[in-house]
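Observations on chain architecture
This is what each chain is made of:
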Amino acid sequence: MTTVMPAGRRSRWRGWRQGRPFVAGLLLGLGGLELICVSWAGLGFLRFTGTAGAASWALGALIVVTGMTTWHNPALRFFSGVLAAVLSLVSLVAANLGGLLLGFLLTAVGSALTLAWVPPQTPSSPHEEH
Amino acid sequence: MIDNSLAVTDGGRTSPLRFALAMVPLLGGAGVLLAGSAAGAVSVAFAGEVPVTVHAARVSASGVSASPAGSGHGGLLPALATRAEHATVEDACVTSTAHLPVVGAVTAVVHIERASASGLTVQAGKATARSVKLSGARFTTPRVALDQPTGLFTVGAKNVSAGTVTTQPNAFTAGTITSRGVTIDLREGTAGCERGAAR
């Protein structure tokens, strides 16, 4: 059983996805949330104490912001990609070993996909990066 | 002309060359950090609540204070919350068992030759030691009158050293943890390191 999406909405959704590094932003968002979730689920009564507790929230939030920046402003993909890559490395030593390595892997792959994304070459956007 | 673009997603094209160029330094940096952490050169910050049992041949700590607390979500379990400014563990064996849906019980056994932590807070439901040595010990109970204690007690010591320690921490936080000589072993079942099994 499949869900039928109206053709207009589907084409708009496809156009929105094609205009930005969608999977990269999604992985960055998931990686940031994973960092927060490991801290949230694991700390118990010590929910917001310690260096790792605070760092998990700060790093996770920043990585989610880089993912949203990648979606909403693809022109800033190099900035957000490099920032996410640096934050993923910092999370290894500051946030529960990068959210038990899973958050680091999601963020690292997401940042690499962000940096590797090539926008579609269209005649209407001659000043797009080469 | 060679087009090195590859359609990876519906939303855009990803250059495999650029992806590799981005991943190589990331994985290289991660490898250096993890190797440095295993060798004790890089400190790693942890905060967590995991069901673990710790056996240690020797434990020493400074700036220690301990008081009763509640553990678990809602404070249902009695526990002892211990704070140490600096703590060192030698010949430790850490066991943690997770019950996975398909695989069943999987036990992680971590042997640590030496680990030191700063800003360590541990909430433990059980702790035993064969020998304990204290210096600069103190005991305080908050009072509003001389004959009427009003709150929970606090015990503390300037320096504490203990031998053959076994504890089951419910939760812990640490500013930094530096370890040396770490080996990790994953086993099926619940068998971990027994008391005195620490090398």
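Further up the page is the structure itself.
For every chain, the first residue of its written sequence is number 1, and the numbers climb from 1 along that sequence. Chain labels run from A onward and ligand labels from 1 onward, assigned in the order the entries are written. In keeping with the predicted nature of the model, local features appear solely for residues at pLDDT of at least 70, side-chain atom pairs appear and are counted solely at 80 or more, and the whole-chain, interface and lining totals rest on all residues. Heavy atoms from the whole structure form the basis of all side-chain values; hydrogens and water molecules are not counted.

Brief notes about the overall build of chain B
The test is simple: Secondary structure elements are defined from DSSP: runs of H or I of at least 4 residues count as helices, runs of E of at least 2 residues count as strands, and each element is numbered from the N terminus. Three labels apply to residues, based on accessible area from a 1.4 Å probe with only protein chains included: buried if under 20% of the type maximum, exposed if over 50%, partly exposed otherwise in between. Where accessible areas are quoted, they stem from the Shrake-Rupley method and a 1.4 Å probe; at the residue level, only the protein chains shown are allowed to cover.
Helix and strand content of chain B: one helix and nine strands. Beginning at the N terminus, the succession of helices and strands in chain B can be written as β-α-β-β-β-β-β-β-β-β. When the 199 residues of chain B are sorted by exposure, 32% land in the buried category. Total accessible area on chain B stands at roughly 11200 Å², and carbon and sulfur atoms take up 62% of it.

So, the overall build of chain A
How we decide: Here a residue-residue contact requires only that any non-hydrogen atoms of the pair lie within 4.5 Å.
Secondary structure summary: chain A contains six helices and one strand in total. Beginning at the N terminus, the succession of helices and strands in chain A can be written as α-α-α-α-α-α-β. Each of the 130 residues in chain A was classed as buried or not, and the buried ones make up 46%. When contacts within chain A are restricted to residue pairs at least 6 apart in sequence, long-range pairs at least 24 apart make up 73% of them. Total accessible area computed for chain A in this model is approximately 6500 Å², and 73% of it derives from carbon and sulfur atoms.

Description of the side chain of Thr121(B)
All names here are of chain B. What counts here: Pairs of N or O atoms within 3.5 Å make up the polar contacts considered here, provided that, within protein, one atom can donate a hydrogen while the other can accept it, and that residues adjacent in sequence are counted only when both atoms are side-chain atoms.
Summarising the element assignment, Thr-121 is placed in strand S5 (residues 104–135). Among the polar contacts listed, one links the side chain of Thr-121 to the side chain of Arg-83, at a separation of 3.2 Å. In this view, Thr-121 contacts Thr-82, Arg-83, Ala-171, Phe-172 and Thr-173; residues no more than four positions away in its chain are not counted.

Looking at the packing of aromatic side chains
Residues and elements named next belong to chain A. Applicable threshold: Stacked, tilted and edge-to-face are the three classes applied to pairs of Phe, Tyr and Trp rings, where Trp contributes its six-membered ring and a pair requires centres within 6.5 Å; stacked means planes under 30 degrees apart, edge-to-face means over 60, and tilted covers the rest.
One pass over the structure, following the stated rule, counts five aromatic pairs over all chains. Taking the centre distance of 5.5 Å and the plane angle of 85° together, the rings of Trp-13 and Phe-22 count as edge-to-face. Its relative accessible area of 36% is what places Trp-13 among the partly exposed residues. Assessed through its relative accessible area of 15%, Phe-22 is described here as buried. By the ring-pair criterion, three or more aromatic residues cluster together here, those being Trp-13, Trp-16, Phe-22 and Trp-71.

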